[in-house]
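# Structural features, examined
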Amino acid sequence: MSHTLNTARVGLFFLLGLALIWVVYQSLGDGTFFREEGYRVSAQFDDLKQLKPGDEVRMAGVRIGSVTETKLVRGRGEAVLTINPHVEIPEDSIASVAMAGLLGNNFISIQVGSSETDMEEGAAIQTRPTLDFNDAFATIGDITSKVETFFEEVSRAVAVITDDDDGLLSNLNEVVRDNRDNLRETLANLREVSTALAEGEGTLGRLIRDDEAYESLLGIGRSVENAAGNAELLVSDLREIVDQIKTGEGPLGALIYDETTGDNLRRIVQNLGEVSDKLAAGEGTLGRLLADETLYHDLQAVLQKAERTIDGLGDQGPITAVGIAANALF
Amino acid sequence: MKQINNILEHFGGVLILCVRSFAYLPSLPLQWRRLIEQCFLIGYTTFPIVAILSFFIGSVLALQAGYSLQAVAGQDFIGALVGLSLARELAPVMTAILLAGRVGSAISAELATMKVYQEVDALVTMNIPPERILVLPRLVAILLMMPVLTISANLIGWLGGAIIAQNIEFIQLDQRIYFQGIQNFVKFRDILDGLIKAEIFGFFVILVSCHVGLRTTGGPREIGASVTRAVVISLILILVLDYFVTSALMKF
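Residues numbered from 1 in each chain as written. Chains lettered and ligands numbered in written order. Predicted model: local features only at pLDDT ≥ 70, side-chain atom pairs only at ≥ 80, totals over all residues. Heavy atoms only, no water.

Within the element layout of this structure, B:S209 appears in helix α8 (residues 188–214). Excluding residues that lie within four positions of it along the chain, B:S209 makes contacts with B:G104, B:I107, B:S108, B:A230 and B:S234. (Helix = DSSP H or I, 4+ residues; strand = E, 2+ residues; numbered from the N terminus. Contact = heavy atoms within 4.5 Å.)

Have a look at this one:
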C-alpha cells in the first residue's frame, strides 16, 4: 500500500519534471540543441563587429536562421548563415550587421530584395557596412579634435588680449587706472545730471518733467504751422498777382503788356529829348538862360552890385537899421 | 605522502565503485522496487527544501539585481540576470549542495552503520555484492531525479524573482518585462547546461557518499566521522567540478 503510493508519487514527480523541462524548452523557443536545419548562405563583410556563431539572422525583424560560423577569408570576415529551409531569400537581398541593443548583441539583418529568383545553398549574399558605435565615436573624435584646435586658437587670441605686459586688457587696465579720478568725476557728473533730469531741474529736465514746456512747445509748433500756412497763402497770392500781370490785367500789367501805354511812354521820352535839345541849343527862355553868356555876365554884375550894397550896408548896419527905423517913424 | 596516497586511494576507490555498480546494471529491473524507494527518498522528499531554497535564491537575486541596477536604470535586465544565473549556475549548484547535506549525509550514515555492524560483510558472505543492491539503485535514482529537482529549482527561482521584482517598491518591474527578459536572454542551451551540471554533481555526491560509507572501519564513532567526511568531500567536489564542467560545456 505504502509502497504503491510511493511508486505513484515518484512516477508523478518524474513525469512532472519531464513536463517542466518540455515547457521550458517550448517557451524559450529558440529550440536549438546543436546544429540547425536549413540551407547555408555566406555573407562577406569588411567588419563583422561582434558577430559570433549563434547570433540570429533576421529578415524584417523575424528570426529566419542563425550564424553558424565566422571565419576570415582574404582579409574579410565571412559569416556563414544557416537559414530555415522554408524561408526564401530573393537573390538581390542585402545583409548587414545590426545591433540589437546597447549591450552589443549583434545580429544579421537581411533587407528583402525584389528578385524573382531565390538564393540557393552555398550562395553569397550582398552585404552593406553599417555604422556602429566605434565609427560614430571616431567621427565624434574628429569633431572633438577640431573643436580643440578651435579653442586653442581662441585661447591664443585671449592670451594676446590678456597678456600681462602688452595685452589689450592690460592696456585697458592702465588706461582705466590712470584715469580713475577723471572717470569717477565723469561718472559723478553724469549721476548729478541724471538726477537733475530725473528731478525736473534745468531746461532739459523741465522739458522732460514739465507739461507746460511741452504745451508751449506744442504752441510754437502750431504757430510755425500757421505761419507756414500764411506763407503758403502769400505765395499763392503772389502767384495770382504774377498771373494777373502776365495776362495784362491791372495797371502794372497794362504798363508792361499794353502797347498803347508803351507808345505814350515812347512819345513822352521823345518830347523830353526835344526839350533837352532845345535847351541845349539855347532856344526858348530856359534855353537862352542856359546857353547865353551875356545873361551870365549880367547876372554877375547884378550880383556884384548886390554884394557891394550889402557890404555898405554892413558898415553902417546898426545905424542904418536905426535910421531906417527912424525914417520909418519920422 | 600518506595523504596524497589517501586521496589517490579515495579516487581509485570511487572509480572502482562506479564501474562495479554499473556492471550490475542489467539487474536493475529485478530491483525496481528498491529503485523506486531511492527515487522517493532522494527526489520526492528533497523537493520541498529545494523549492524553498530556490524560491528565496531567486528572490534575493532579483532584490540584489534591482538594488544594484537601480543606479544605471537597468532594471529591465533583472529577468535576464535572475534567469541566466539560476539556469546556468545557482539552480544546479544549490540543488547539489542541498543533496549533499540532506541525502549524501543520510546515505553515508546508513552505509557506514551497515558496514560497522557488519551487515555489508553479511551481504558479501551471501554472495550479494553490496554495490548491486546498495549503490546501483541510488545512482540510477539520482540520475533520474536530479533533472527534475533542478528544473523545478529553476522555475521556482524565476517565480520568486518575478514576485519580488514586481512587489518591491524600488523595483516594481512588470512581470511581462521580467519574463520577456528571461525569454530573450535564456536559451534552452543554458537550461540544458545546468541540467548536465546538476546530473554530474548529483551523481558524484551519491557516489562519494556511498564510497565513504562503505569504506568505514572501526566502531560506531567512525559513523559520524564518515558522514562528516562524505559531506565535506561532496561539497569540495561540487565546487571544483563546477568550474571544470562549466568551462567544458562552454566549448560545445
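Below, the discussion takes up the sheet that holds strand β2 (residues 56–59) of chain A. Residues and elements named next belong to chain A. Reading around the circumference, β1-β4-β3-β2-β6-β5-β7 is the order of the seven strands in this closed barrel, with mixed pairing throughout. Sheet twist, expressed as the average angle between the axes of neighbouring strands with direction ignored, equals 40°. Pairing analysis gives eight bridges linking strand β3 (residues 62–73) to strand β4 (residues 76–83), with the strands arranged antiparallel. Residue pairing across strands places S66 opposite T82, the latter belonging to β4. (Pairing = 2+ DSSP bridges. Axes fitted to C-alpha atoms, helices over the stretch in contact; angles between N-to-C directions.)

Residue and element names in this part refer to chain A. Burial within strand β1 (residues 39–45) is extensive, with five of its seven residues counted as buried. In terms of strand pairing, β1 meets β4 through seven bridges, oriented antiparallel. For S42, the partnering residue across the bridge sits in β4 and is V80. In the sheet, β1 pairs with strand β7 (residues 124–127) via two bridges, with the strands oriented parallel. Counterpart to A43 in the pairing with β7 is I125. (Buried < 20%, exposed > 50% of the residue type's maximum accessible area, 1.4 Å probe, protein only.)

Our next topic: the pattern of salt bridges. Tallying each qualifying case throughout the model produces 16 salt bridges over all chains. Taking the shortest distance from any N to any O, the salt bridge between A:R63 and A:E56 comes out at 3.6 Å. Using a relative accessible area of 27% as the deciding quantity, one classes A:R63 as partly exposed. When the shortest N-O distance is used, the salt bridge between A:D263 and A:R266 registers 2.9 Å. Placement of both A:D263 and A:R266 in helix α8 (residues 259–281) is noted, with a separation of three residues, approximately one turn of the helix. Owing to a relative accessible area of 35%, A:D263 belongs among the partly exposed residues under this scheme. The exposure class assigned to A:R266 is exposed, which follows from its relative accessible area of 56%. Several salt bridges share partner residues, and in doing so they unite B:R88, B:R189, B:D190 and B:D193 into one network. (Salt bridge = Lys/Arg side-chain N within 4 Å of Asp/Glu carboxyl O.)

A separate point is unusual backbone geometry. Phi is positive for A:A60, which is not a glycine, with a value near 55°. Structurally, the position occupied by A:A60 is in the loop between β2 and β3.

Our focus in this paragraph is the packing of helix α4 (residues 78–116) of chain B against α8(B). Residue and element names in this part refer to chain B. Between α4 and α8, whose axes approach to 8 Å, the crossing angle comes to 15°. Put simply, α4 runs roughly parallel to α8. Of the two elements, α4 crosses α8, and the hand of that crossing is right-handed. Residues of the contact of α4 with α8, tallied by class, amount to 18 nonpolar, six polar and six charged. (Parallel < 35°, antiparallel > 145°, perpendicular 65-115°, else oblique. Left-handed = near helix turned anticlockwise from the far one by under 90°. Nonpolar A, V, L, I, M, F, W, Y, C, P; charged D, E, K, R; others polar.)

Right, let's talk about a nonpolar patch on the surface for a bit. All names here are of chain A. Together, I143, V147, F150, F151, V154 and V158 give the surface a local cluster of nonpolar side chains, amounting to about 520 Å² of exposed area. Its location among the elements puts V147 in helix α2 (residues 133–162). Using a relative accessible area of 37% as the deciding quantity, one classes V147 as partly exposed. (Patch = residues over 30% accessible without salt bridge, like charges linked within 9 Å, V, L, I, M, F, W, Y side chains within 5 Å. Areas by Shrake-Rupley, 256 points an atom, 1.4 Å probe, with all protein chains shown as cover.)

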